[in-house]
Amino acid sequence: MKLTNTNKNAEGSVCWKSPSNIALVKYWGKHGIQLPINPSISITLRESVTTTGIDFQHTDAGKGPEIDFFFENKPAPDFGKRIQKFLESQVEQYPVIQNLQMVIRSSNTFPHSSGIASSASAFSALALDIVTIARNYSGAKPERDFYNEVSELARLGSGSASRSVYGGYAVWGGMKEYPEYSDNYAVPVSTSIHKNFQEIQDAILIVNAGTKKVGSSAGHNLMNNHPFAQARVQQANKHMLELHKILSTGDTERFIEIVENEALSLHGLMLSSNPGYFLFEENTIRIIERIRAFRQSSKIPVCFTLDAGPNVHLLYPGSNKVEVVEWIGNELLTFCHNQKWIDDGMGKGPVQLK
Ligand code: PMV
């Protein structure tokens, strides 16, 4: 949607709360302008969210957007610069922002740069705000679905952010078997979800809450010329197709195999990059071993996945919450940083706040 930048009444506030997500089939590697080399699917989270509010007003200067950025109530010029650059790159698509002075205030419910995808919740919240402002002050009739447009804008900030725009399961990346899927934006998954996977819980076990050694952008870039890149794309496509069937038939055993294989493959790609690196830690491995042993002994279908960091996402059915939480306390917290974990699970997607 193209908008004019002549609306001098542009003034007001907008605020959205938007969740992070955890990928089951991972996006790893990109090309062109933030396009994925393979399709991915994720679960949108309930508790790990970013709230971003923008107070804005029109300025005649026209050299904007002018931004003051506050993270957790403190000025954060480094984040501010990244956002400024991102918004400047969007002026052609959203001319209204060129004439805006914005005070942006953002806060997370979880530690940033800890392997919990803070860029996903941050860029989806920002994109929700920007598209809301653009639509409210343009006067033009929107040409596209709101969330579809937001997802595309969020993707340009951070690929995984494109999926946070929807509750439940979201897919980003084209698949010939599903013509509604696109590399440009995410959409809700196109399959019915079996009851086994409707109330999925995610205990995020914080092994290390510090900053990552190697960020995602550098990791994606290392997939260019990666010796296993072609095989990885094939593997991800195969997993996507199979997971669609599994999500509707309820095959928990195969779900676990695919999800764990995806997590280990992601970290395997990091190990075999040039230069190779690793983001898991000793306690990541200890937790994974305990999860597999508990699954075998208890017959409760717990499994793990990993983001690009050392923390472990322990996925399990809501119906087993009592036993699993007790076991986390007894066996797993000893491997967590300050015994910290986040009791998260599948969420319903972003919410606009007053
Ligand atoms: O959105 P980015 O560029 O931070 O990449 C995220 C990549 C993974 O989190 C590792 C996987 C994914 O699909 O979310």
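Scroll up to find the structure this text is about.
Below is a short write-up of the structure. (Residues numbered from 1 in each chain as written. Predicted model: local features only at pLDDT ≥ 70, side-chain atom pairs only at ≥ 80, totals over all residues. Heavy atoms only, no water.)

### Here's the deal with the overall build of the chain
Threshold: Put simply, DSSP marks the helices as runs of H or I at least four residues long and the strands as runs of E at least two long, and each gets a number from the N terminus on. The globule rule used here is 2.2 Å times the number of residues to the 0.38 power, and the radius of gyration it is set against is calculated over C-alpha atoms. Each residue is placed in one exposure class: buried if its accessible area under a 1.4 Å probe, protein chains only, is under 20% of its type's maximum, exposed if it is over 50%, and partly exposed if it falls in between. Between two residues, a contact is recorded if the distance between any of their heavy atoms is within 4.5 Å. Shrake-Rupley sampling with a 1.4 Å probe provides the accessible areas, and residues are treated as covered by the protein chains on show and by no other component. Residues scored as positive are Lys and Arg, those scored as negative are Asp and Glu, and His as well as the terminal groups of each chain are ignored. Each charge is placed at NZ for Lys, CZ for Arg, CG for Asp and CD for Glu.
Secondary structure summary: the chain contains eight helices and 14 strands in total. Rg of the C-alpha trace for the chain: 20 Å, near the compact-globule value of 20 Å for 354 residues, within the 12% margin. Relative to its 354 residues, the chain shows a buried fraction of 54%. Long-range contacts, defined as pairs at least 24 residues apart, comprise 75% of the intrachain contacts of the chain with a sequence gap of at least 6. Surface exposure of the chain reaches about 15400 Å², of which carbon and sulfur atoms provide 50%. Taking the 34 positively charged and 35 negatively charged side chains of the chain as two groups, their mean positions are separated by 2 Å.

### A few points about the side chain of Asn 320
Tracing the chain through its elements places Asn 320 in the loop between strand S12 (312-317) and helix H8 (321-332). A relative accessible area of 14% places Asn 320 in the buried class. Beyond its immediate stretch of four places on either side in the chain, Asn 320 contacts Ile 300 and Pro 301.

### Structural notes on the state of the cysteines
Put simply, the rule is: Defined by distance alone, a disulfide is two cysteine sulfur atoms within 2.5 Å.
Applying the stated rule across the entire model yields zero disulfides. No disulfide involves Cys 336; its sulfur sits 17 Å from the nearest other cysteine sulfur, which is in Cys 303. Taking the relative accessible area as the measure of exposure, Cys 336 reaches 8% and is therefore buried.

### Examining the packing of helix H6 (residues 252-271) against helix H7 (residues 282-298)
Cut-off, in case you're wondering: To define axes, lines are fitted to C-alpha atoms, for helices over the stretch in contact only, and angles between the resulting N-to-C directions are given on a 0 to 180 degree scale. Angle categories: roughly parallel below 35 degrees, roughly antiparallel above 145, roughly perpendicular from 65 to 115, and oblique for all the rest. Residue polarity is assigned by list, with Asp, Glu, Lys and Arg as charged and Ala, Val, Leu, Ile, Met, Phe, Trp, Tyr, Cys and Pro as nonpolar; anything else, Gly included, falls into the polar class.
Remark: H6 packs on H7, axes separated minimally by 14 Å, with the N-to-C direction vectors making an angle of 170°. The orientation of H6 with respect to H7, classified from their angle, is roughly antiparallel. Contact with H6, carried on its side by Ile 256, Glu 260 and Leu 264, involves Ile 288, Ile 291, Arg 292 and Arg 295 of H7 and no other residues of that element. Partitioning the contact of H6 with H7 into residue classes produces four nonpolar, no polar and three charged.

### Quick notes on the packing of aromatic side chains
Within a pair of aromatic rings, the relevant descriptors are the distance that separates the centres and the angle that separates the planes. Convention followed: Pairing of aromatic side chains requires ring centres within 6.5 Å, counting the rings of Phe and Tyr and the six-membered ring of Trp. Pairs whose planes differ by under 30 degrees are stacked, by over 60 edge-to-face, and all others tilted. Geometrically, a charge over a ring is one whose NZ (Lys) or CZ (Arg) sits within 6 Å of the ring centre while staying within 35 degrees of the ring normal.
What the rule picks out here adds up to twelve aromatic pairs. Ring plane angle 25° and centroid distance 5.9 Å describe the contact between Trp 16 and Phe 146, whose orientation is recorded as stacked. Of this pair, Trp 16 sits in strand S1 (residues 11-25) while Phe 146 sits in helix H3 (residues 146-157); the two residues are 130 residues apart in sequence, bridging distant segments of the chain. Of the two residues, Trp 16 and Phe 146, both sit in the buried class. When the ring of Tyr 178 is compared with that of Tyr 181, the centres are 5.0 Å apart and the planes differ by 20°; the resulting orientation is stacked. What makes Tyr 178 buried here is its relative accessible area of 18%. By relative accessible area, which is 5% here, Tyr 181 ends up buried. Over the aromatic face of Phe 70 sits the side chain of Arg 105, whose NZ or CZ is 5.6 Å from the ring centroid. Sitting over the ring of Phe 278, Lys 213 keeps its end group 4.4 Å from the ring centre.

### Observations regarding unusual backbone geometry
For residues other than glycine, phi is negative in most cases, and the peptide bonds are mostly trans. That bond from Asn 274 to Pro 275 is cis: its omega, 5°, falls within 30 degrees of zero. With respect to the helices and strands, the residue Pro 275 is situated in the loop between H6 and H7. Residue Glu 72 is not a glycine yet carries a positive backbone phi of 50°. Relative to the assigned elements, Glu 72 resides in the loop between strand S5 (66-71) and strand S6 (74-75). Since its relative accessible area comes to 34%, Glu 72 is described here as partly exposed.

### Side note on the environment of Tyr 178
Along the polypeptide, Tyr 178 turns up in the loop between strand S8 (169-172) and strand S9 (186-188). In this structure the C-alpha to C-alpha distance between Tyr 178 and Glu 257, which are 79 residues apart in sequence, comes to 23 Å. In this structure Tyr 178 touches Ser 190, Leu 241 and His 244, once residues within four positions along its chain are discounted.

### Thoughts on the pairing of S12
What counts here: When DSSP finds two or more bridges between a pair of strands, those strands are recorded as paired.
Most of S12 sits out of view: six of its six residues are buried. Residues of S12 alternate between two faces, with Val 312, Leu 314 and Tyr 316 on one and His 313, Leu 315 and Pro 317 on the opposite face, all of them buried. The sheet contact formed by strand S10 (residues 200-205) and S12 spans six bridges and is antiparallel. Looking at the pairing, Asp 202 lines up with Leu 315 of S12. Note that strand S11 (residues 303-306) and S12 share four bridges and pair antiparallel. Among the inter-strand pairings, Cys 303 is bridged to a residue of S12, identified as Leu 315. Hairpin connection between S11 and S12: a loop of five residues separates the two successive antiparallel strands.

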